[in-house]
Structures are given as structure tokens and as C-alpha cells.
Amino acid sequence: MITINNTDFYGKFELTIGEFTGQKLTDYINRYQNEFTIELLGVELYDLYLANSTDPEYIIIEEPLIFQSNFGKIYKSQGMKDMLKGFIFFMYGRDLPTQQTLTGAVKQSSENSMHPSNVNALLWQRYNESVESYEAIQAYIRENSDVYPTFRGMKNEAIIPYF
């Protein structure tokens, strides 16, 4: 089973984590890591994955993967951990500008800085890259349905940004 924690968010998935945001990121990891993995594999295959995560058929879908389907399409996965970090990065980053207060939802503001207009585009890009890995893992599982007969994963689609 893949383990993700706050220290995994560096480089491409870099998040600034302070004393007030560390627990919030941990909460997002705890919520979305399982949610996206269950949607990826379906409930039955997810349960088998949890019980047998060191078996070769599960290690291969955790690791980066490139393969060509029987229909000729080339699929690329950066691995499940990278995929999950992208989804969590998106969910966390999407919610950052807004906080709940006693008076309702408020948007943070600063006198000394502005959010660049491409921040949302970067969030969508990370999400869409994760969808590419998600689709590749599911395609590999479908191509090898004799190994993964309990697969019932849900489709996940890329986000098309609108400005």
C-alpha cells in the first residue's frame, strides 16, 4: 500500500507547509488517498490490493508504467503515488484561497502580493496529469482482466479549464 505524507509534496508538487497548514494537508491526504484509490480500482479490487499489496500484480500498477494496448494506443503512468499526489495537490490547492470563518466563506487577501493568473491552470495541469496515469493504470488492468477479474473502477476525466 502506498503511503503519502506531508513531506512528499516537494518539487513538482511543492506546497508550503507551516504550523497552521500541516494538519490541514494531512486531513486532505487521509481523505483523498483512499477515495481516489477506491475509484481507480473499485471496492473489491481495492480490498484485494490492501490485503496483498506486495504481490507482483499490485506492484506493477503502483510503479511507473508504459505499455501499448491491443488497439495500439500507448499509455503512460507515472505511478500510483505520483497520481495520488497530483489529485491531492489539486484538491488542497483548489481550497487554499478560501477559508471558513464565523461570518462565512472569505477569500484571503494580502497587501504585498497577488496570486498569479496561472495558478488555477497549474492546478488543472497537475490534476490532468494524474488523470493520464489513472487512465493508464485502468487500461493496463482491463488489458489484463484475467489477473484483475474484480476490477470495477470508475472513469475519471480531465478538467478543461475555462477562463
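Residues numbered from 1 in each chain as written. Predicted model: local features only at pLDDT ≥ 70, side-chain atom pairs only at ≥ 80, totals over all residues. Heavy atoms only, no water.

> Just checking my understanding: could you explain the environment of S69 for this structure?
For S69, the location among the structural elements is in the loop between β1 (65–68) and β2 (74–77). Not counting residues within four places of it along the chain, the set of residues in contact with S69 comprises Y75 and E143. (Helix = DSSP H or I, 4+ residues; strand = E, 2+ residues; numbered from the N terminus. Contact = heavy atoms within 4.5 Å.)

> What should I look at first to understand the packing of helix α1 (residues 22–41) against helix α2 (residues 43–51) in this one?
Geometrically, a packed helix pair is captured by the angle between its two axes and the distance between the axes. Two elements in contact, α1 and α2, have axes whose closest approach is 6 Å; the angle formed by their N-to-C orientations is 115°. Every pair of crossing elements has a handedness; the one defined by α1 and α2 is right-handed. The residues of α2 that touch α1, namely those facing N34, T37, I38 and L41, are V43, L45, Y46 and Y49. When its residues are assigned to classes, the contact of α1 with α2 shows 6 nonpolar, 2 polar and no charged. (Axes fitted to C-alpha atoms, helices over the stretch in contact; angles between N-to-C directions. Left-handed = near helix turned anticlockwise from the far one by under 90°. Nonpolar A, V, L, I, M, F, W, Y, C, P; charged D, E, K, R; others polar.)

> In this structure, what is going on with α2? I would like to understand it.
Owing to its 3.6 residues per turn, the α-helix brings residues three or four apart onto one side. Every buried residue of α2 is accounted for by L45, Y46 and Y49. All buried residues of α2 fall inside an arc of 105° around its axis, so they share one side. Of the exposed residues in α2, those oriented more than 90 degrees away from the buried face are V43 and A51. (Buried < 20%, exposed > 50% of the residue type's maximum accessible area, 1.4 Å probe, protein only. Arc of directions from axis to C-beta.)

> Explain the side chain of R126 here, please?
Mapped onto the elements, R126 comes out in helix α5 (residues 119–143). Accessibility expressed as a relative area gives 14% for R126, which makes it buried. Beyond its immediate stretch of four places on either side in the chain, R126 contacts K12, F13, G86 and F89.

> Got a minute to help me understand the pairing of β1 in this structure?
It is a general feature of regular strands that their side chains alternate between the two faces of the sheet. What you see with β1 is a clean split: L65 and F67 sit on the buried side and I66 and Q68 on the side with no burial. Alignment of β1 against β2, held across 4 bridges, turns out to be antiparallel. Note on β2: the bridge partner recorded for L65 is S77. Where β1 folds back onto β2 in an antiparallel hairpin, the turn is made up of 5 residues, including G72, whose phi is positive at roughly 95°. (Pairing = 2+ DSSP bridges.)

> Help me understand the packing of aromatic side chains, please; the structure alone is not making it clear to me.
Two aromatic rings, taken as a pair, are described by how far apart their centres are and by the angle between their planes. Evaluated as defined, the whole model comprises 13 aromatic pairs. Ring geometry for Y140 and Y148: centres 6.4 Å apart, planes at 65°, overall edge-to-face. What makes Y140 buried here is its relative accessible area of 14%. Take Y148: its relative accessible area is 3%, and that puts it in the buried class. By way of ring pairs, the aromatic residues Y28, Y32, F36, F87, F90, Y92, Y127 and Y134 are connected into one cluster. We note K85 situated over the ring of Y10; from NZ or CZ to the ring centre the distance is 5.4 Å. (Phe/Tyr/Trp six-rings, centres within 6.5 Å; stacked < 30°, edge-to-face > 60°. Lys NZ or Arg CZ within 6 Å of the ring centre and 35° of its normal.)

> Help me out: how do you make sense of the nonpolar core in this one?
Across soluble globular proteins, nonpolar side chains have a tendency to be buried as a group. The biggest cluster of nonpolar side chains holds 41 residues, and the ones touching the most others in it are F9, L41, I61, I88, I141 and Y148. Going through the elements one at a time, α1, α2, α3 (56–62), β1, α4 (80–95) and α5 are the ones with two or more residues in this core. Counting residues per element, this core draws most heavily on α5, which supplies 10 residues. Residues in contact with Y148, not counting those within four places in the same chain, are L45, E57, Y58, I60, I61, Y140 and I141. (Core = buried A, V, L, I, M, F, W, Y, C linked by side-chain atoms within 4.5 Å.)

These figures capture arrangement, not role.
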